[in-house]
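A look at the structure
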Amino acid sequence: MAEEKLPKRSEDFAEWYNQLVLRAELADYAPVRGCMIVRPYGWALWENIQQALDRRFKATGHQNVAFPLLIPKHFIEKEKHHVEGFSPELAVVTIGGGEELAEPLIVRPTSETIIGHMWSKWIQSYRDLPVLMNQWNSVVRWELRTKLFLRTLEFYWQEGHTAHATRKEAEDETRQMLDIYADFAVNDAAIPVIPGRKSDAEKFAGADTTYSIEAMMGDGKALQSGTSHFLGQNFAQAFEIRYLDQGGQLQYCWTTSWGLSTRFIGAIIMAHGDDQGLVLPPKLAPYQAVIVPIFKTDAEKNAVMEPAQKLKTDLAKAGLRITLDLREGFSPGWKFNDWEMRGVPVRIELGPKDVAKHAAVLARRDRPGKEGKSSIALADAVNSVAKLLEEIQKSLHDRALAFRQANTKEPRDYKEFKLAVETGFAYSYWCGSADCEAKIKEETKATMRCIPLDQKLGQESAHSSASASCVYCGQPARERAIFGRAY
Ligand SMILES: [Zn+2]
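Since the model is a prediction, treat every value here as computed from it, not as a measurement.

**Concerning the overall build of the chain**
Scanning the chain for helices and strands turns up 14 helices and 23 strands. Taking 487 residues into account, the globule formula puts the C-alpha radius of gyration at 23 Å, and the chain, at 25 Å, falls close to it. C-alpha atoms of the chain, sized along the principal axes, occupy 80 × 60 × 45 Å. Out of the 487 residues belonging to the chain, those deemed buried represent 53%.

Okay, here's the thing in structure tokens:
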């Protein structure tokens, strides 16, 4: 398993990714084409993502709910853009209990319609608003080209749905949830993201405005890592979601939806991973540290085991997620490789010589080799490990940000633009026309990722003096957009 090396990330990024997912035991292919099985280690990572988000959702007043998997087919057809967008990807149930169904049922691709249907019954008055809901579930979209975590027929996610009395409240909610995703990505996953608005071509089917956070992966491609949609009154009108305002007038609600999925695991892998395997941000890692006892003889084993157990207990008591590798029949070197493949942030090596000195060796995953090793006093292990985890969390983020900045260009013309999207992002003025967007996509395979909310984009403004004209057609442009090839 861990003995054989991964393909080099710089040589075959796609195959490096596929093998890493399998060999770190995050997920496996299911018997049905395009479906995935999330294995315990992958699910533990997802649970940590869930907790980090759920905490933020609850703190902003949202409650969790569970709506059914099956949706009557005519619900999907009620909102024109929604049905156009989702029809090609729908899985449809036509037989139940051996009988042909009077009305086919859709396996939910997302739940706006069924939730809208229920809201039309539950929401009567301004006193019932806002409604702030979220559900953790899986959805099915019949994708043709699939890849573990990034694009599968069924995937896990959360979908938030809210209804409001006013346009402003709904818009504020949409932006608040985008901020929450960005905060989670940066502070917990150590992935720098660009929050921005999608073009009409890239927005959610049925939305007025879609916002997303976009991240750069280790090969320079973009990954849309979370989305937040302002749905206007589109679904409220399609499903008659109305309320009596304070003046006794019947009004349509304003609604939003927002989601982040197991795709985010793909982002973590591709933003931080290296040739040895996964590199996990400490805040989300299932194990933040692993203790590997080192011994050859029984006498050495006896000397090492007790302090190793005590160390584990001390670290666990301090609230760290810790494991002690007691597997028999594997050399320490084999175990080191195995934990490196799984991306555990800190490895604690404990041998008889260390024990004699009341010491241990810490090896940080983000800096392989001697450079990442340090000796610590066992008595001070809790502080040393906690401090190192903080350092790793910060250094992963800084490294990913430096990489994105180095690979984000501000092209002066279309020629430079084409070069820029070969290896990373192009940040360019765009006139806003769907034509230019489509031609750029056709000619360069790069899509409009988002129009950054912060048009300054940190310090990436080397050529900000470039004139405000569309990089494709030369017409006047007001805003700059991020373009890149994407997953
Ligand atoms: Zn243009």
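**Comments concerning the sheet that holds strand β10 (residues 209-216)**
Read across the open sheet, the 11 strands follow the order β3-β7-β8-β14-β11-β10-β9-β22-β23-β21-β20; overall the sheet is mixed. Edge strands, defined here as strands with exactly one partner in the open sheet, are β3 (63-64) and β20 (408-409). Examined bridge by bridge, strand β11 (residues 222-230) and strand β14 (residues 254-261) share 4 bridges and lie antiparallel to one another. Residue pairing across strands places F230 opposite T256, the latter belonging to β14.

**Considerations on the environment of A400**
Within the fold, A400 resides in helix α12 (residues 381-406). For the pair formed by A400 and G218, sequence separation is 182 residues and the distance between their alpha carbons is 8.3 Å. Here A400 is in contact with A190, P192 and H272, once residues within four sequence places are set aside.

**Let's talk about the coordination of the zinc ion**
Each donor-metal-donor angle in an ideal tetrahedron of four donors is 109.5 degrees, and each such angle in an ideal octahedron of six donors is either 90 or 180 degrees. Every protein donor of the zinc ion is listed here as C431 (SG), C436 (SG), C470 (SG) and C473 (SG), and their distances to the metal cover 2.3 to 2.4 Å. Its 4 donor atoms give the zinc ion angles of 104 to 120° at the centre, a pattern that matches the tetrahedral case. Taken in chain order, the donor set of the zinc ion reads C-x4-C-x33-C-x2-C. Judged by relative accessible area, which is 3%, C470 ranks as buried. The partly exposed category is assigned to C473, whose relative accessible area is 33%.

**Regarding the environment of G248**
Position of G248 relative to the elements: it lies in the loop between β12 (242-244) and β13 (250-252). C-alpha of G248 to C-alpha of S125: the two residues are 123 residues apart in sequence and 8.9 Å apart in space.

**Examining unusual backbone geometry**
P130 follows L129 through a cis peptide bond whose omega is -5°. Along the polypeptide, P130 turns up in the loop between α5 (112-122) and β7 (131-140). The backbone phi angle of E240 is positive, close to 55°, even though this residue is not glycine. Inspection of the secondary structure assignment puts E240 in the loop between α7 (234-239) and β12. For H358, which is not a glycine, the phi torsion comes out positive at approximately 55°. Following the sequence through the fold, H358 ends up in the loop between α11 (352-356) and β18 (359-364).

About the thresholds
Residues numbered from 1 in each chain as written. Predicted model: local features only at pLDDT ≥ 70, side-chain atom pairs only at ≥ 80, totals over all residues. Heavy atoms only, no water. Helix = DSSP H or I, 4+ residues; strand = E, 2+ residues; numbered from the N terminus. Rg over C-alpha atoms; globule rule 2.2 N^0.38 Å. Buried < 20%, exposed > 50% of the residue type's maximum accessible area, 1.4 Å probe, protein only. Pairing = 2+ DSSP bridges. Contact = heavy atoms within 4.5 Å. Donors = N, O, S within 2.8 Å, 3.2 Å for Na, K, Ca; no water. Tetrahedral: all angles 85-135°; square planar, octahedral: opposite > 155°, others 65-115°.

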